[in-house]
Each structure stands twice: as C-alpha cells, then as structure tokens.
Amino acid sequence: MCGFAGFLTSSSICNDDMLGILDRMGHGIKHRGPDEKGHWIDKESGFGFTHRRLSILDLSAAGNQPMESNSKRFIIAYNGEIYNHLDIRKEISFSDWKGHSDTETILECVELLGIKKTLQNLKGMFAFAIWDRLEKKLTLCRDRIGEKPIFFGWQGNTFLFGSELKSFFQHPSFQKKMNRDILSNYFKFGYCQTNYSIFKGIRKIEPGTYVEISKENKVSRTFPYWDLNNCFDNVGNNLGYSDAKRVLDHKLNEAVVAQTLSDVPIGSFLSGGVDSSLVTAILQENSMEKIKTFSIGFDDAEFNEAQYAKKIANYLSTDHHELYVSNDDYLKIIPQLPSIYDEPFADSSAIPTYLVSKFASENVKVVLSGDAGDELFFGYNHYARFLRNWSIISRIPNAIKNYSISFSKIFNRNEFLKKMKGHFMHDDIINYYSFILDMSK
C-alpha cells in the first residue's frame, strides 16, 4: 500500500510553511510507503500534497508520485492497484508513456476521458487525489467497494485529505475533537461508519463515489459513479447448475489472476477457512513456482487454525510459513493499537491481522487474502445451522415470521422464548425462534 495526504487552504499560516507541513504530514504515514517520498505544491492556490510510495508496479523513478500528466494539467497522488490498466492503455489513444505504472495510466485516462468515465473503466482497489491546475479544482476518488480509504473535511479555512488520520495530526489547522455523535453507532457495529469518522468535521468518502472540492465557497460535492444494484442486470438468471459452476470458476480465476500483476513477489494469507483456501488454491494453480503462504497459530487450541492451514498448504504444495504467538505477544501489541488503527476498531481479528501482516512482510511485499469469501461460500458455522433449519423455516407462514421479528424487539431472548412457548407448543417452532434470535446477535 502507498499513502498520500494534502490540503487546500487560504490560511497564511499554512502558506508560509507548506513544504514543512507536507513533510510532517507525510512522515505521519511513512509506514504506508517506505520506498520513496515526494511533494507537489501550487503555492498560489494554497494547494499541496505529499505521497509515500510502496513500489509494486514500475519500480523505477518513472513510477514516483505525485505525478504530472503529459500536458502538465493534472497531478495525481494515488494508493492502490488497477488490475486492468494494461488493457486500458491499449484502448486509449495515447502512446507517449514514460513508464509502465498504473498511476500513469489513470492520469492520462483522466486527461483524455475525464474523471467519471475513467472511474467507470477502472477495475481494482484505489484511492487517489487529482489536482486540476487549469480549473484549480481538487477531486478525490475511491474504489467501488471502498477497499482503500480517504479521509477528508474542512477545518476552518483549510480542507484536509489523506489516506490516514495520522497525517492530519501534523497540520496546524486540525482540531482534534471527538465526534460524540458517532459513538452509539460504534458501540452497535464495532467500527466508525463510512460517511463519518471519530473526529468532528472529518468524514470518509463513500465507496463508488468521487468528491470535487472548491476553495472559494468551501463546497465539496459528491458524485456516484458505480452502484452494486446495477450489476445484477447482467447476471444470467437461467443458468443451469453445471453452467453456473463453470462461470463461477472462470470469474474466480479471472479475479485472482488479475491481482497477481506485480513487479515484486506475491504471497497469500492462509487460515484453512473457505475464503483463504480458495484464493490460495487458485493462486497456486496459476503459478509456475510455489507461492509463499503465511499463517499464525495460537497456544489456545480453541482458537488455533494453524493445523488446518498447514493441511491445505501441504495439499496445495505451497511454500508455507507459520508463526505461533502467545498471550504475551498479544499484550505487547495492545499499546501500539492507537498508532496502527486510525479509529476505534472492535474487530477481534485486528491483532491477528497485524501479526500475520508483519510476519509476511519479512518475505513479500504483496499478499492476497480472502475477505468476504466465507460470506459468499457459507464458510461460517451459523450458515450450516441455517441450512439444517431451513426445512423448518420454509414451512412457517410469513405472517408468523413477521410477528416474531416485531415481538423479539420487545423482550430479551429468554423472555421472548417463554412467551412463544405459551403460544406454540411445537418444539420445532420454538427452535426456529431460538435460531432467529441467535442469528440476529
């Protein structure tokens, strides 16, 4: 991953030390890009941004950022990877390429097609900021699903933006005030929702959108360029089981292979679950060499998945690496969490993810993981419970199902089941309601 940060301001305090401020903002996210750093400033407009690079594609200086377009009109700072950027190069009428980075592809595509059409053509994970020197306009763009982050917001007369909140701490205009309005949602969901942040006046760009910023009237306008609902029109509803398997296999292979475009070695996280095992299997099947896989194990057998990962690794013949961690290893990480995560984050996988990422970074720069695979392919135990109970659920009238949902909001779990026991004596019905309540936790 790379990282960027910047500001657009009319404050004389900032204008007097733009380079110094940008350097400090970049230092705040140096962990995102240790290979190279760069700044770009338009002092007359009060605009500047900095970039920290982790070199993945085009390791030469031709891939350094911020990067200017061929016409010098657009300047970009970018984090992510565009999997189809070589295909895009073949399609657009431009041939004066200076390197082979996907950064340059985005930049020249914007020059020729404009922001929205460029975004609609991109397949990948990305967040980038583009400054238009002609119109004096800043545009911030985020990928379709929101894999790459961008924080932004006005702080007085200064507009701040960047990959992480840590960079904002280095800007003199930033007011470190907690957004108490988001706390209830945080305690409900375990994270700060997309359109907000833990700090007042700062938000995250929503997935599938881009934002245009004008300094003159402090307006930031959001435009959608992609909607998941529009994708279902192209899904073949009449496919048979065999054809569906074939199409799914093709799509999965296409997606995984596309993400192997890299000028550095690639590895894979492996937990032994459905998601990481599927990604690793496809990755190894399409590789001429043994891919490096990484797992962590725990002393507590109840939470240890390393033995399952090792079985998968042996079956696929990967170059497997595993690290066992103790409770003490966990405790040592806790004081570092505020510097690792920008916002409160209550996911139980937060510490294991950091540990396995640190472990893998000693061998490779890029790893693939299987996020959302368990959700798509029924990898969790509660999905199996659902399937076992489906024969019961499918026989219950919708009116009773709706009644149960409304009724369960009034009572706690045990009280609700007691009430239902008085209405329906059949054990299957009671088991159904018990199952619904457990699923809604």
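The coordinates are above.
As a starting point, this report considers the structure included with it.

Definitions and cut-offs
Residues numbered from 1 in each chain as written. Predicted model: local features only at pLDDT ≥ 70, side-chain atom pairs only at ≥ 80, totals over all residues. Heavy atoms only, no water. Phe/Tyr/Trp six-rings, centres within 6.5 Å; stacked < 30°, edge-to-face > 60°. Helix = DSSP H or I, 4+ residues; strand = E, 2+ residues; numbered from the N terminus. Buried < 20%, exposed > 50% of the residue type's maximum accessible area, 1.4 Å probe, protein only. 1 Å grid on protein atoms, 1.4 Å probe; cavity = no way out; pocket = protein on both sides within 12 Å on 5 of 7 lines; lining within 4 Å. Points joined across faces, edges and corners; volume = space filled by probe spheres on them. Nonpolar A, V, L, I, M, F, W, Y, C, P; charged D, E, K, R; others polar. Pairing = 2+ DSSP bridges. Contact = heavy atoms within 4.5 Å. Axes fitted to C-alpha atoms, helices over the stretch in contact; angles between N-to-C directions. Arc of directions from axis to C-beta. Parallel < 35°, antiparallel > 145°, perpendicular 65-115°, else oblique.

### Regarding the packing of aromatic side chains
Right, on to step 1. For the structure shown, the criterion picks out 23 aromatic pairs.
Right, on to step 2. Ring centres 4.2 Å apart and planes at 10° place the aromatic pair Phe47 and Trp131 in the stacked group. Remark: Trp131 occurs in strand E6 (residues 124-132) and Phe47 occurs in strand E3 (residues 47-53); sequence separation between them is 84 residues.
Right, on to step 3. Taking the relative accessible area as the measure of exposure, Trp131 reaches 0% and is therefore buried.
Right, on to step 4. The rings of Phe4, Trp40, Phe47, Phe49, Trp131, Phe152, Trp154, Phe159 and Phe161 are connected pair by pair, giving a single aromatic cluster.

### Focus on the layout of surface pockets
Gaps left between atoms show up when a probe the size of a water molecule is rolled over them.
Right, on to step 1. The space that makes up the second largest pocket amounts to roughly 230 Å³.
Right, on to step 2. In terms of lining residues, the second largest pocket is bounded by Val257, Thr260, Pro265, Ile266, Leu283, Asn286, Ser287, Glu289, Lys290, Ile291, Lys292 and Val364.
Right, on to step 3. Taken together, the residues of the lining of the second largest pocket break down into six nonpolar, three polar and three charged.

### Considering the pairing of E3
Right, on to step 1. Within E3, seven of the seven residues are buried, which leaves it mostly tucked inside the rest of the structure.
Right, on to step 2. Here E3 shows no split at all, with Phe47, Phe49, His51 and Arg53 on one side and Gly48, Thr50 and Arg52 on the other all buried.
Right, on to step 3. Examined bridge by bridge, strand E1 (residues 3-9) and E3 share six bridges and lie antiparallel to one another. Bridged to Ala5 within E3 is Thr50.
Right, on to step 4. Of the strand pairs in this sheet, strand E2 (residues 36-42) and E3 are connected by seven bridges, and their pairing is antiparallel. When the sheet's bridge partners are listed, Gly38 is paired in E3 with His51.
Right, on to step 5. Between E2 and E3, which pair antiparallel in sequence order, lie four residues; one of them, Gly46, sits at a positive phi of approximately 70°.

### Observations regarding the side chain of Ser276
Right, on to step 1. Here Ser276 is to be found in helix H8 (residues 274-285).
Right, on to step 2. Aside from chain neighbours lying at most four places away, what touches Ser276 is Phe269, Leu270, Ser271 and Gly370.

### Considering helix H12 (residues 350-360)
Right, on to step 1. Counted residue by residue, H12 has eight buried out of 11 residues, so it is predominantly covered.
Right, on to step 2. Those residues of H12 lying buried are Ala350, Ile351, Pro352, Tyr354, Leu355, Val356, Phe359 and Ala360.
Right, on to step 3. Those residues of H12 that are buried are in contact with strand E13 (266-269), strand E14 (292-298), strand E15 (319-325), helix H10 (327-333), helix H11 (337-340) and strand E16 (366-368).

### Thoughts on the sheet that holds strand E7 (residues 137-142)
Right, on to step 1. The six strands lie next to each other as E4-E5-E6-E7-E11-E12, forming an open sheet whose pairing is antiparallel. For this open sheet the edge positions go to strand E4 (67-68) and strand E12 (219-224), each flanked by a neighbour on one side alone.
Right, on to step 2. As judged from the nine bridges shared by strand E5 (residues 74-82) and E6, these two strands associate in the antiparallel manner. When the bridges of E6 are listed, Ala77 appears paired with Ala129.
Right, on to step 3. Of the strands in this sheet, E4, E5 and E6 touch helix H4 (residues 102-113), which is tilted by about 130° from E5.

### A few points about helix H9 (residues 306-316)
Right, on to step 1. Listing the buried residues of H9 in full gives Ala306, Ala309, Ala313 and Leu316. Buried residues of H9, seen end-on, are gathered within an arc of 90° and therefore sit on one face of the element. Opposite the buried face of H9, at more than 90 degrees from it, the exposed residues are Lys311, Asn314 and Tyr315.
Right, on to step 2. Structurally, H9 contributes buried residues whose contacts are with H8, E14 and E15.

### Topic: the packing of helix H7 (residues 241-258) against H8
Right, on to step 1. It is the contact of H7 with H8, at a shortest axis distance of 9 Å, that shows an interaxial angle of 75°. One finds that H7 runs roughly perpendicular with respect to H8. Of the residues in H8, those touching H7 at Leu252, Asn253 and Val256 are Leu278, Val279, Ile282, Leu283 and Glu285.
Right, on to step 2. Taken together, the residues of the contact of H7 with H8 sort by class into six nonpolar, one polar and one charged.

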